[in-house]
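# Survey of secondary and tertiary structure
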Amino acid sequence: MNYRFQLRQIPFLFVIFAVTYLSVLPGPEVPGPQLSDKILHFIAYFGVAATAAFGFPAAGWRLAGAIVLWGIGIELVQWQMPTRMFELMDIVANSLGCVVGWQATRMVLDFIQVRLQR
């Protein structure tokens, strides 16, 4: 399989880097609004999955599965850090955000494609 970099993949690379970076910062130093931790996890992984689905439109659910596994991996890394905590509910929020973001973006892209074919 040949891989060719495309500009639409830049948002995915930026978002995945930002989420990874913010995930390994010490907990109190993470900037942002004071929302529920689980809502922030959902929003972050929704964004990662949405930009992945947009950046790699030919990719299937395996890419979404890889993002879920990446989120689990980050939680396992946090388990080993003295300034962060492992939480099973974070994994649930990450996974839900990923699945919803992936599916919503795929539905929007399919809708746009159908409209363009008319």
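Shown above is the structure to which this text applies.
In this text, all values refer to a predicted model and were calculated from it rather than measured experimentally. (Residues numbered from 1 in each chain as written. Predicted model: local features only at pLDDT ≥ 70, side-chain atom pairs only at ≥ 80, totals over all residues. Heavy atoms only, no water.)

Okay, the overall build of the chain next. A tally of helices and strands in the chain yields four helices and zero strands. Along the chain direction, N to C, the helices and strands of the chain fall in the order α-α-α-α. Each principal axis of the C-alpha distribution contributes one length, and for the chain these read about 55 × 30 × 25 Å. Here the chain, with 118 residues, has 27% of them falling under the buried criterion. Put simply, 78% of the contacts in the chain that link residues at least 6 apart link residues at least 24 apart. Accessible surface for the chain amounts to roughly 8,000 Å². Of this, 72% is attributable to carbon and sulfur atoms. (Helix = DSSP H or I, 4+ residues; strand = E, 2+ residues; numbered from the N terminus. Buried < 20%, exposed > 50% of the residue type's maximum accessible area, 1.4 Å probe, protein only. Contact = heavy atoms within 4.5 Å. Areas by Shrake-Rupley, 256 points an atom, 1.4 Å probe, with all protein chains shown as cover.)

Looking now at the packing of helix α3 (residues 61-79) against helix α4 (residues 88-117). Here α3 crosses α4 at 160°, and the two axes come no closer than 9 Å. If you check the angle between α3 and α4, you find them roughly antiparallel. Two packed elements cross with a definite hand, and for α3 against α4 that hand is right-handed. Residues Trp61, Leu63, Ala64, Ile67, Val68, Gly71, Ile72 and Glu75 of α3 lie in contact with α4, whose contacting residues are Asp90, Ile91, Asn94, Ser95, Cys98, Val99, Trp102 and Gln103. (Axes fitted to C-alpha atoms, helices over the stretch in contact; angles between N-to-C directions. Parallel < 35°, antiparallel > 145°, perpendicular 65-115°, else oblique. Left-handed = near helix turned anticlockwise from the far one by under 90°.)

Here α3 contains 19 residues, and its C-alpha end-to-end distance of 27 Å stays within 8% of the 27 Å for a straight helix at 1.5 Å per residue. Within α3, the full set of buried residues consists of Ala64, Ile67, Gly71, Ile74, Glu75 and Gln78. For α3, the angular spread of the buried residues around the axis is 100°, confining them to a single face. Residues of α3 that are exposed and angled more than 90 degrees away from the buried face: Arg62, Leu69 and Trp79. On its buried face, α3 is in contact with α1 (10-24), α2 (37-55) and α4. (Expected span 1.5 Å × (residues − 1). Arc of directions from axis to C-beta.)

What follows covers the packing of aromatic side chains. Inspection of the entire model under this criterion finds six aromatic pairs. Ring centres of Phe12 and Phe56 lie 5.7 Å apart, and the angle between their planes is 90°; on these two criteria the pair is classed as edge-to-face. Of the two residues, Phe12 sits in helix α1 while Phe56 sits in the loop between α2 and α3, which places them 44 residues apart along the sequence. For Phe12, a relative accessible area of 9% gives the class buried. Overall, Phe56 belongs to the partly exposed group, its relative accessible area being 21%. Geometrically, the ring pair formed by Trp79 and Phe86 is tilted, given 5.9 Å between the ring centres and 45° between the ring planes. Overall, the relative accessible area of 56% leaves Trp79 in the exposed class. Classification of Phe86 by relative accessible area gives partly exposed; the value is 33%. (Phe/Tyr/Trp six-rings, centres within 6.5 Å; stacked < 30°, edge-to-face > 60°.)

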